[in-house]
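# Observations on chain architecture
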Amino acid sequence: MKTQEKPNPDRAVLLEIDEKHQDQRLDNFLCSVCKGVPKSHVFRIIRSGEVRINKKRAEAKTKLCLGDVVRIPPIQVVEKQTLESLSSSSAVNKTQLLKAAAEIPVLFEDEHLLVVNKPSGMAVHGGSGSSFGLIECIRALRAETHQDLELVHRIDRETSGILIISKKRSALRKLQEQLRARSWKKYYKTLVLGSWPETLRQVDLPLLKTQAGEKEARVFVDEAGDKACTKFQIIQCYKSSYSIFTLIQAQILTGRTHQIRVHTSANKFPIAGDDRYGNFEMNKQLARHGLKRMFLHAARLHLVHPATNETIVLEAPLAPELDSFLKSLQAVQSR
């Protein structure tokens, strides 16, 4: 990265992108150079148009290219953010942050990748109401190498399961190329309300995302939206004294926001515990019976290793609370 000065609180500066930062998202790049600045503020200055790439407005998800010139407006930069400064509505301190990081299960690790089983309720990164997320926790735990740790992809805060973190810039670039080419095979396990029909094996419904301010996006089925395709397969049917459920596998062929949640809900089979697109009255009853979160889990992922070029299969067991809830139900014979 070439620049005549560091990001400045008094005047704008221009940064030229080098090989280390090419293919990085604009928001992630800004967070890396403006250490200590809340991610919510980073999103705000991007949306306002104060941040420019080659003198043009850009979105947070814009990928940087070698030689791009990024304008960063006057911004208050904290040179070193301490763990004690990270806080949320629950006033998480350094000890709690490190404890949370240490309890995140590691599924796979080598010199290129770190794959974890993300807990439900934890955002993947800070911003949108969270002062920090999983990536900040992991970086805090691995302070000696945290500068090279980057999220390869994202999953919803409420969703648990496989999340990949790159440990080298070269690995990040190759994996994101695979993502853009849609070569990953991603499988989720989800429990829906009702008796899912055997004939409903694929849903093709376009999805339109709306987002107001810094609140989380809401997604609707809309012909003006982006193409979205999900394949479904029944795993097991269940019943209880208060409802019927179906555990299904969902394979996403496109990576749209809230895709599985909206596709199941649009077909009148909302995900158990979904507080955004689900059955709110049933969710209250589910909570009384032990399910206090959304039953959606990123269970399996097929990809090509960025260094060995071998296909690897990553699997994440169901979170204990999901497994426990399933055991409280009565399995019924498949139709």
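Residues numbered from 1 in each chain as written. Predicted model: local features only at pLDDT ≥ 70, side-chain atom pairs only at ≥ 80, totals over all residues. Heavy atoms only, no water.

This brings us to helix α2 (residues 39-47). Where α2 is concerned, the buried positions are K39, V42, F43, I45 and I46. For α2, the angular spread of the buried residues around the axis is 165°, confining them to a single face. Packing partners of the buried residues in α2 comprise α1 (26-33). Count one or two residues on from α2 and you reach G49, which has phi positive near 90°. (Buried < 20%, exposed > 50% of the residue type's maximum accessible area, 1.4 Å probe, protein only. Helix = DSSP H or I, 4+ residues; strand = E, 2+ residues; numbered from the N terminus. Arc of directions from axis to C-beta. Contact = heavy atoms within 4.5 Å.)

Our next topic: the packing of aromatic side chains. By the definition in use, this model includes four aromatic pairs. An angle of 50° between the planes, with centres 4.7 Å apart, marks the rings of W196 and F232 as tilted. Here the residue W196 occupies a position in the loop between β9 (185-193) and β10 (202-204), and F232 occupies one in strand β13 (residues 229-239), the gap between them amounting to 36 residues. By the burial criterion, W196 is buried, and F232 matches it. For W196, a relative accessible area of 0% corresponds to the buried category. (Phe/Tyr/Trp six-rings, centres within 6.5 Å; stacked < 30°, edge-to-face > 60°.)

What follows is about the side chain of H305. Relative to the elements of secondary structure, H305 occurs in the loop between β15 (296-304) and β16 (311-315). At a separation of 3.0 Å, a polar atom in the side chain of H305 contacts the main-chain amide nitrogen of A307. Apart from the residues within four sequence positions on either side, H305 is in contact with D110, H112, L113, E310 and I312. (Polar contact = N/O pair within 3.5 Å; in protein donor to acceptor, adjacent residues only side chain to side chain.)

Bringing the packing of α1 against α2 into the picture now. Two numbers describe how α1 lies on α2: the axes approach to 10 Å, and their chain directions differ by 125°. One way to sum up the angle between α1 and α2 is to call them oblique. Here the hand of the crossing between α1 and α2 comes out right-handed. Of the residues in α2, those in contact with L26, D27, N28, L30 and C31 of α1 are K39, V42, F43 and I46. Taken together, the residues of the contact of α1 with α2 sort by class into six nonpolar, one polar and two charged. (Axes fitted to C-alpha atoms, helices over the stretch in contact; angles between N-to-C directions. Parallel < 35°, antiparallel > 145°, perpendicular 65-115°, else oblique. Left-handed = near helix turned anticlockwise from the far one by under 90°. Nonpolar A, V, L, I, M, F, W, Y, C, P; charged D, E, K, R; others polar.)

What follows concerns the pairing of strand β14 (residues 244-252). With eight of nine residues buried, β14 is to be regarded as a mostly interior element. The pairing of β9 with β14 spans eight bridges and is antiparallel. Bridging from a neighbouring strand, L193 pairs with F245 of β14. Two elements, β13 and β14, share nine bridges in a ladder whose sense is antiparallel. The residue of β14 that forms the bridge with T230 is I252. (Pairing = 2+ DSSP bridges.)

A few words on the environment of T257. Relative to the helices and strands, T257 resides in the loop between β14 and α6 (259-266). On a C-alpha basis, the gap between T257 and I155 in space is 8.8 Å, while along the polypeptide they are 102 residues apart. If sequence neighbours within four positions are ignored, T257 has contacts with L207, K209 and V219.

In this section: the nonpolar core. In terms of nonpolar packing, the biggest core is built from 32 residues, with L134, I165, Y188, W196 and I260 touching the most fellow members. Among the elements of the structure, β6 (113-118), α4 (134-141), β8 (160-166), β9, β13, β14 and β15 are those that each provide at least two residues to this core. Looking at this core, the element that brings in the most residues is α4, giving four residues. Not counting the four nearest positions on each side in its chain, I165 is found in contact with H112, L113, L114, L134, I135, I138, L149, E150, L151 and V152. If you look at the next biggest cluster of nonpolar residues, it comprises 21 residues, including V13, F43, V70 and I75. (Core = buried A, V, L, I, M, F, W, Y, C linked by side-chain atoms within 4.5 Å.)

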